[in-house]
Amino acid sequence: LDAVQSGAENNIAVGASALSSVTTGDDNTAVGNFSLASTTGSQNTGVGQQALRFNTSGQYNTAQGYRALFSNTTASNNTVVGYQAAYSNTTGFANVALGESALKANTTASYNVALGHQTLFSHTGSGINTAVGALAGYTTTSGGSNTFIGTQAGYLNTTASNNTAVGELCKHHG
């Protein structure tokens, strides 16, 4: 809370440089070194070292885990849990990522759900994808409106959209 001004209220910071730039944001909770260190946004929760580290004006985000939502800047309404979950997200909003490195490469895509170890790991582009299961949709980069359910379901999909793959190792090529 190094930069707290009179306009910032009801913030909680635990850890070196946690919430260190908050000047106007309210109702933030940061637990961990450099958690929410760049934010001026409100109603964010970052738990874990460098969780939401570069969030500036994004609001209503919840990140739990080491470097979860690390690169987030202005995106809002994201919920991520896991080591480096949604690590590269900057402006993608309303994403849900649960699992180590789930949705890790995503930068701008929105409305994605990634549940499992490294699900939608390589995804950077289109939104509205759902992947459930370890490595589901792992190589998808820009495909949108896909549903992958099962371990490695849709693993080889890269750019294809509007696909459904259900079952372990069920793969679609893009």
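Above: the structure in question.
Below, the structure is looked at part by part. (Residues numbered from 1 in each chain as written. Predicted model: local features only at pLDDT ≥ 70, side-chain atom pairs only at ≥ 80, totals over all residues. Heavy atoms only, no water.)

## Here's the deal with the environment of H117
Part 1: Locating H117 in the fold gives a position in the loop between β7 (113-115) and β8 (130-132).
Part 2: The spatial distance from the C-alpha of H117 to the C-alpha of A134 is 4.5 Å, given a sequence separation of 17 residues.
Part 3: H117 has contacts with E100, A134 and L135, leaving out every residue within four places of it along the chain.
Part 4: Here E100 takes part through its side chain, which lies 2.9 Å from a polar atom of the side chain of H117. (Helix = DSSP H or I, 4+ residues; strand = E, 2+ residues; numbered from the N terminus. Contact = heavy atoms within 4.5 Å. Polar contact = N/O pair within 3.5 Å; in protein donor to acceptor, adjacent residues only side chain to side chain.)

## Let's talk about the environment of G133
Part 1: Mapped onto the elements, G133 comes out in the loop between β8 and β9 (147-149).
Part 2: Taking the C-alpha atoms as reference, G133 lies 22 Å from G92; in sequence the two are 41 residues apart.
Part 3: Beyond its immediate sequence surroundings of up to four residues, G133 is in contact with L115, G116, T119, G150 and T151.

## Regarding the side chain of S110
Part 1: The residue S110 is located in the loop between β6 (96-98) and β7 in this model.
Part 2: In terms of polar contacts, S110 uses its side chain to reach the backbone amide nitrogen of F93, at 2.9 Å.
Part 3: Apart from residues lying up to four places away in sequence, S110 is in contact with G92, F93, N95, G127 and I128.

## Focus on a nonpolar patch on the surface
Part 1: A cluster of nonpolar side chains, contributed by I12, V14, V31 and V47, occupies part of the molecular surface with about 280 Å² of accessible area.
Part 2: Take V14: it is sitting in strand β1 (residues 12-14).
Part 3: When its relative accessible area of 48% is taken as the criterion, V14 is described as partly exposed. (Patch = residues over 30% accessible without salt bridge, like charges linked within 9 Å, V, L, I, M, F, W, Y side chains within 5 Å. Areas by Shrake-Rupley, 256 points an atom, 1.4 Å probe, with all protein chains shown as cover. Salt bridge = Lys/Arg side-chain N within 4 Å of Asp/Glu carboxyl O. Buried < 20%, exposed > 50% of the residue type's maximum accessible area, 1.4 Å probe, protein only.)

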